[in-house]
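The chain contents come next:
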Amino acid sequence: MSHPTPLDLQSVQGTMLIPLWGRAKYSAKYRNILQDKDAMEIIRKHSFDFSGIEKTFGDFSGLCYIVRARKMDDAVRRFMEKHPKGTIVNIGAGLDTGFSRVDNGSIHWYNLDLPDSIAYRKTLLPDTERSTCIPKSFFDESWFDDIHFDKDNGILFISGGVFYYFKEEQLKAIFSSMARRFPGGEVYFDAESKTAVEKSNEMVQKTGNKGAQMYFYVNDATAIQSWSTAIREVSIEPYFKGLAYTDGLKIRAQMAVMDKAGMMKFVHVKFAD
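Residues numbered from 1 in each chain as written. Predicted model: local features only at pLDDT ≥ 70, side-chain atom pairs only at ≥ 80, totals over all residues. Heavy atoms only, no water.

### Remarks on the sheet that holds strand 7 (residues 186–192)
Thinking step 1. With mixed pairing, the seven strands of this open sheet are ordered in space as 5-4-3-6-7-9-8. Among the strands making up the open sheet, the edge pair consists of strand 5 (131–135) and strand 8 (231–238). Taken pair by pair, the neighbouring strands of this sheet meet at an average axis angle of 20°, ignoring direction.
Thinking step 2. Here strand 4 (residues 108–113) pairs with strand 5 via five bridges, running parallel. Paired with L112 across the strands is I134, a residue of strand 5.
Thinking step 3. Helix-sheet contacts for helix 6 (residues 168–181) involve strand 3 (87–91), strand 6 (155–159), strand 7 and strand 9 (264–271), and the interaxial angle to strand 9 is about 40°. (Pairing = 2+ DSSP bridges. Helix = DSSP H or I, 4+ residues; strand = E, 2+ residues; numbered from the N terminus. Axes fitted to C-alpha atoms, helices over the stretch in contact; angles between N-to-C directions. Contact = heavy atoms within 4.5 Å.)

Right under this line is the structure:
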């Protein structure tokens, strides 16, 4: 009988499997929020020992993983209502399984991530005809030429749990380039306040991971609006807004506090036509 493999948080595989674990475990528990069958199947086939992760992150963090995935899915669905043949670019895709949950049969979907991350992803989630991987850095603008873009059909960039690790000047530069290259495009991502990022850094360090410092935070949407004259609109939505969650008074209280204080949120950026 094989023993569970300890999860190395310093490895690419480790950091990619944690959100997958969160979606698998908590979407099985809260199916009204998310149903991630692919994540559950992948975790079922793996023998990683997640006990240390569960103690560190707990139920609230696990819930945050499925809320993030659900809100990303909802953003894609709203986009597809207007652009059924549009393009979706998943930035820092990791082991995200969103395509299988939202595919309408006609969208073009790209998973953009670093080469070692994409190599591992393909061992678990192979490409399909309309969902393909791009093994490049987000800041290597050559990926602009690797995607199908038709202005009339629209393009949406999504990114979950990624931008935290970049510095504002890095994001400002790449957003400016994207806005010029993809007129009318949209970007949807999650962010935290400065206070929340500081607390998140403390939590990650408790896991022993010293190489995953978070930098980027959003307190005020107007800061992003000023990044480029080609950015037309920026809006912010509280992280848990509209979520039908009724289980557990303590977690409901945490959700309310987070939203009221603006500690966690989703940001929607629209480029000028």
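### A word on the environment of G262
Thinking step 1. Mapped onto the secondary structure, G262 falls in the loop between helix 9 (249–261) and strand 9.
Thinking step 2. For G262, a relative accessible area of 22% gives the class partly exposed.
Thinking step 3. Once the C-alpha coordinates of G262 and R77 are considered, the two residues, 185 residues apart in sequence, prove to be 25 Å apart. (Buried < 20%, exposed > 50% of the residue type's maximum accessible area, 1.4 Å probe, protein only.)

### Overview of the pattern of salt bridges
Thinking step 1. In this structure the tally under the stated criterion is 14 salt bridges.
Thinking step 2. A salt bridge links R70 to D74, with the nearest nitrogen and oxygen atoms 3.1 Å apart. One end of the pair, R70, and the other, D74, are both in helix 3 (residues 51–82), four residues apart, so they sit about a helical turn from each other.
Thinking step 3. Given a relative accessible area of 29%, R70 falls into the partly exposed group.
Thinking step 4. In this structure, K122 and D127 form a salt bridge, with 3.8 Å as the shortest nitrogen-oxygen distance.
Thinking step 5. Note on K122: relative accessible area 41%, which makes it partly exposed.
Thinking step 6. Beyond isolated ion pairs, a larger network of salt bridges with shared partners links R23, D36, D73 and R101. (Salt bridge = Lys/Arg side-chain N within 4 Å of Asp/Glu carboxyl O.)

### A few points about the pairing of strand 4
Thinking step 1. In terms of residue burial, strand 4 counts as a mostly covered element, since five of its six residues are buried.
Thinking step 2. Note that strand 3 and strand 4 share five bridges and pair parallel. Bridge assignment links N90 to a residue of strand 4, and that residue is N111.
Thinking step 3. The handedness of the strand 4 to strand 5 crossover, carried by helix 5 (residues 115–124), is right-handed. (Right-handed = clockwise from strand over helix to strand, strands pointing away.)

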